[in-house]
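# Per-entry structural report
What follows is the residue order along each chain.
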Amino acid sequence: MEEIQSQSENYRSSSSSASSPASRVPSSNFFYLRKQGALRQPISFEDSPDWGDDNNTDVEVRVEEGGDSINTATTPISPSLSKLNSGSLPSPPLPEGAVVARKIAGATVVWKDLTVTIKGKRKYSDRVVKSSNGYALPGTMTVIMGPGKSGKSTLLRALAGRLDDSAKTYGEVFVNGAKSSLQYGSYGFVERKNTLIGSLTVREFLYYSALLQLPGFFYQKKSVVEDAIQAMSLGDYANKLIGGHCYMKGLPSGERRRVSIARELVMRPQVLFIDEPLYHLDSVSALLMMVTLKKLASTGCTLIFTIYQSSTEVFGLYDRICLLSNGNTLFFGETLACLQHFSNAGFSCPIMQSPSDHFLRAINTDFDRIITMCKTWQDDNGDFSNVNMDTAVAIRTLEETYRSSADAAAVETMIHRLTEREGPTIKIKGKANSATRIAVLTWRSLLIMSREWKYYWLRLILCMLLALCVGTALSGLGHSLSSVGTRVAAIFVFVSFASLLSIVGVPAQLKEVKVYACEDSNQHSGGIVFLTGQFLASFPFLFLISITSSLVFYFLVGLRNDFSFMMYFVLNFFMCLLVNEGLVLVVATILQDVFWSISTLVFVHVMMMLSAGYFRIRSALPGPVWMYPVSYIAFHTYSIQGLLENEYDGTTFAVGQVRTISGYQALHNVYDISPDDNSKWRNLLILSLMAVAYRVVVFVLLHFCVKKNSSLFRFVCCKLKMNE
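Residues numbered from 1 in each chain as written. Predicted model: local features only at pLDDT ≥ 70, side-chain atom pairs only at ≥ 80, totals over all residues. Heavy atoms only, no water.

## Quick word on helix α5 (residues 221-231)
- Within α5 the residues assigned to the buried category are K221, V224, V225, A228, I229 and A231. In a view along the axis of α5, the buried residues occupy a sector of 165°, so they form one face of it.
- The elements touched by buried residues of α5 are α4 (202-213), α6 (253-265) and α7 (283-297). (Buried < 20%, exposed > 50% of the residue type's maximum accessible area, 1.4 Å probe, protein only. Helix = DSSP H or I, 4+ residues; strand = E, 2+ residues; numbered from the N terminus. Arc of directions from axis to C-beta. Contact = heavy atoms within 4.5 Å.)

What follows is the structure, given as structure tokens:
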């Protein structure tokens, strides 16, 4: 204990020598967004919505000479905040021609003694968030800050009610003073990673999102979309493709992030949760993003988001900060008061250092490894660094200081005031019906498939080339008995390799699964709606591939010259492609990785081709015993068998000058088929049932793998790491 106290005193002395508490009162290093000519008053702990007239609080505002600084006096007020309010807070004016956004009736969110436990999440404890207290008011930005694995995203998801089933929540969450969860349409949640559709423009993407979310007629959604575009300052990019693929140049990362937020604004939510709004953004894009969010908060919306690190300018835009470390709340309150809190604890922020950098430096345990490295280098290079603080000491000191501070007491008083009386009830907004969603997803998927050349157009070209190559190499075979084996080989090669070409559409299928996962988490879509829309949209493209490539192959090889047999060939090949599309969806949903999905599909197709060849082609070498059951579940088997039966059903071949044999007898010596005359229709029915069965499997996987935000590949990797 004496060693810990000595380390703490050592760091406090070094920090005090660099900066005194008085020198850290923010002045020109911070600015607040305000309208030109208006005064910006820092929000005190007493700035809260009143549900009645008896809770009004008088606020005295005194303007100093110069007109650009203000003092506020509110009773009661946090002692640490009163010291900071004496500073000057210059504010830049809004840009000329700025559009004033529509006002939103925000909601008050309060969490009290909130604890979240997730089994196996942490090495030493299952408690990811520990007894956190705080609140968020309409028209303000509340930021949850902390190092990695501190519980920021978990706390954000707990407030939004979006935790997994494996997580258990203890404590209370109040919305407008009532114990209730946020209803559909009253809040929006933006994930950390952008899940957008690159082949659509910004306006198209938001318009389709509005059609999926909102009830009513189509023309009523355009004004909502335009409001979202103006709110996120996307007017200059509204008609540009989102892009983001390796072959399609699109929007910069900052604009793409704003499109993700605009998608949630079409519902006009009262509370907006954002997980890392500055994720992968540079300093300029980050500042532009936060200024845009500040403008959005000024309309009345309640903003709650997580931040890992920010610049000094961005830090000055926050209204309240919740500082976490290893699940513990080290501070909650006004942003500027957090600097005074660190000074009171003995960890003053140096003048030339960003406040957020200083906070993370003090509470991030990863810096202990840097300390060890620095001590090693000091032996060889002298005094290399002045990093001499044990982060465990800083965390413990900051936590104890906050518990006994007037800031914590003010938070408890504010929570009691916000929860003692219920405010306006949040109503559930209407949803678009399932028929409308299916129509919208079908039309959107058609537009995506027509614009993305890697989806079906490349596959169409490859199938045409395959049909030309195989048909040209095996053209002019005639209808003699000696040509039976060659025709079997031609049909086998065409069907097998045309099915294998489906791997070119794996990246596009994975993108659709990810978009579905994002929309389903926000209740914009569903498993049946997604599968129905995807099937209806892929139907014309698969039929186009089947009819063009199969007709080229059919006439080059010289199969039976009859319209009914030709149409059966086209229909059989179409059903084969439809089954194969379901197989691709199954593998993509399970693995959710491009490389492993393509590798698995190639392996599965090769096994199916070998099993169909070993146990169906008479001249082939006998295969392993384990491949025999595979031949019965391989769709190649039923497709090829149906095509051969269609070709040789009802035909005869002359053997010598006297004897003739039927087409079945001639084919049976080469390929194992059924003697039943209706066998080819039974094979077509089996292919249809397999197409339905694969999509039923996809529906189940969408619930367990995608909705749970996991995949079988990641699950196996995690298990292997735990065993190690």
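## Some details on helix α16 (residues 484-500)
- Taking 1.5 Å per residue as the helical rise, α16 with its 17 residues ought to reach 24 Å, and the 25 Å between its terminal C-alpha atoms agrees with that figure.
- Every buried residue belonging to α16 is among V484, R487, V488, A490, I491, F492, F494, V495, S496, A498, S499 and L500, and all of these are buried. (Expected span 1.5 Å × (residues − 1).)

## Quick notes on the pattern of salt bridges
- Taken as a whole, this structure holds 14 salt bridges when the rule is applied.
- Between D275 and R192 there is a salt bridge, and its shortest N-O distance comes to 3.7 Å. Placement of D275 in the loop between β9 (271-274) and α7 and of R192 in the loop between β8 (187-190) and α4 is noted, with a sequence separation of 83 residues between them.
- By relative accessible area, which is 31% here, R192 ends up partly exposed.
- E581 is paired through a salt bridge with R459; the nearest N and O atoms lie 2.9 Å apart. Here E581, found in helix α19 (residues 563-591), pairs with R459, found in helix α15 (residues 453-473); they are 122 residues apart in sequence, far enough to count as distant.
- Linked through salt bridges whose partners overlap, the residues forming this network are R157, R162 and E191. (Salt bridge = Lys/Arg side-chain N within 4 Å of Asp/Glu carboxyl O.)

## Observations regarding the environment of L296
- Its location among the elements puts L296 in helix α7.
- Given a relative accessible area of 4%, L296 falls into the buried group.
- Sequence-wise, L296 and K103 are 193 residues apart; in three dimensions their C-alpha atoms are separated by 9.2 Å.
- Those residues in contact with L296 that lie beyond four places of it in its chain are A231, L265, L272, C301 and L303.

## Quick word on a nonpolar patch on the surface
- On the surface, a nonpolar cluster with roughly 560 Å² of combined accessible area is contributed by I528, V692, V696, F699, V700 and F704.
- In terms of residue count, helix α24 (residues 679-706) provides more of the nonpolar patch than any other element does, five residues in total.
- Topologically, I528 is positioned in helix α18 (residues 527-557).
- Classification of I528 by relative accessible area gives exposed; the value is 56%. (Patch = residues over 30% accessible without salt bridge, like charges linked within 9 Å, V, L, I, M, F, W, Y side chains within 5 Å. Areas by Shrake-Rupley, 256 points an atom, 1.4 Å probe, with all protein chains shown as cover.)

## Points about the packing of α15 against α16
- At a minimum axis distance of 10 Å, the contact between α15 and α16 shows a crossing angle of 165°. Relative to α16, the element α15 is oriented roughly antiparallel. Here α15 and α16 pass one another in a crossing that is right-handed. In this structure, α15 uses C463, L466, A467 and V470 to contact α16, whose residues at the interface are A490, V493, F494, F497 and A498. (Axes fitted to C-alpha atoms, helices over the stretch in contact; angles between N-to-C directions. Parallel < 35°, antiparallel > 145°, perpendicular 65-115°, else oblique. Left-handed = near helix turned anticlockwise from the far one by under 90°.)

## Here we look at the packing of helix α10 (residues 355-363) against helix α12 (residues 391-403)
- At a minimum axis separation of 7 Å, α10 and α12 run at an interaxial angle of 110°. One finds that α10 runs roughly perpendicular with respect to α12. Contact with α10, carried on its side by R361, A362 and I363, involves T391, A394, I395 and L398 of α12 and no other residues of that element.
- Residue composition of the contact of α10 with α12, by class: five nonpolar, one polar and one charged. (Nonpolar A, V, L, I, M, F, W, Y, C, P; charged D, E, K, R; others polar.)

## Some details on the packing of aromatic side chains
- For the structure on display, the rule yields 25 aromatic pairs.
- Taking 6.0 Å as the distance between ring centres and 75° as the angle between the ring planes, the aromatic pair formed by F315 and Y318 counts as edge-to-face.
- The class of Y318 is buried, set by a relative accessible area of 0%.
- Ring geometry for F595 against W596: centres 5.5 Å apart, planes inclined by 80°, an arrangement best described as edge-to-face.
- Pairwise contacts between aromatic rings join F494, F553, Y554, F555, F569 and F573 into one cluster.
- Between R560 and the ring centre of F565, over which it is positioned, the NZ or CZ distance is 3.9 Å.
- Seen from the ring of Y568, K680 lies directly overhead, with NZ or CZ sitting 4.9 Å from the centre. (Phe/Tyr/Trp six-rings, centres within 6.5 Å; stacked < 30°, edge-to-face > 60°. Lys NZ or Arg CZ within 6 Å of the ring centre and 35° of its normal.)

## Structural notes on the nonpolar core
- In this structure, F273, L293 and Y318 are the most contacted members of the largest nonpolar core, which totals 112 residues.
- Looking at which element gives the most residues to this core, the answer is α4, with eight residues.
- Setting aside residues up to four positions removed in sequence, F273 forms contacts with L156, L159, A160, L182, Y187, G188, F189, V190 and I304. (Core = buried A, V, L, I, M, F, W, Y, C linked by side-chain atoms within 4.5 Å.)

## A closer look at the confidence of the model for the chain
- The share of residues in the chain with pLDDT of 70 or more is 75%, and the mean pLDDT across the chain is 79.
- Taken together, the stretch residues 11-100 has pLDDT below 50 and engages in 186 contacts with residues farther than four places along the chain or on a different chain.
- The low-confidence segment residues 382-387, where pLDDT is below 50, has nine contacts with residues more than four positions distant or belonging to other chains. (pLDDT = per-residue confidence, 0-100.)

## As for the pairing of strand β14 (residues 659-662)
- The pairing of strand β13 (residues 652-655) with β14 spans four bridges and is antiparallel. Across the sheet, the residue bridging to A654 is T660, located in β14.
- The antiparallel pairing of β13 with β14 creates a hairpin that spans three residues between the two strands, and G656 there sits at a positive phi of about 80°. (Pairing = 2+ DSSP bridges.)

## A closer look at unusual backbone geometry
- The phi dihedral of S131 is positive, around 45°, even though this residue is not glycine.
- Note on placement: S131 falls in strand β4 (residues 127-136).
- Positive phi, normally seen in glycine, also occurs at R268, with a value near 50°.
- Inspection of the secondary structure assignment puts R268 in the loop between α6 and β9.

## Topic: the environment of A394
- For A394, the position within the fold is in helix α12.
- Taking the relative accessible area as the measure of exposure, A394 reaches 0% and is therefore buried.
- Spatially, the C-alpha atoms of A394 and T365 are 9.8 Å apart, while their sequence positions differ by 29 residues.

## Considering the environment of K193
- Residue placement: K193 occurs in the loop between β8 and α4.
- Residues contacting K193, with those up to four places away along its chain left out, are R257 and Y279.

## A few points about the side chain of S639
- Mapped onto the elements, S639 comes out in helix α22 (residues 635-648).
- Setting aside residues up to four positions removed in sequence, S639 forms contacts with V495, N572, C576 and L687.

## A closer look at the side chain of R444
- Topologically, R444 is positioned in helix α14 (residues 434-451).
- Excluding anything up to four places from it in sequence, R444 contacts I197, L200, Y208, L212, V515 and E519.

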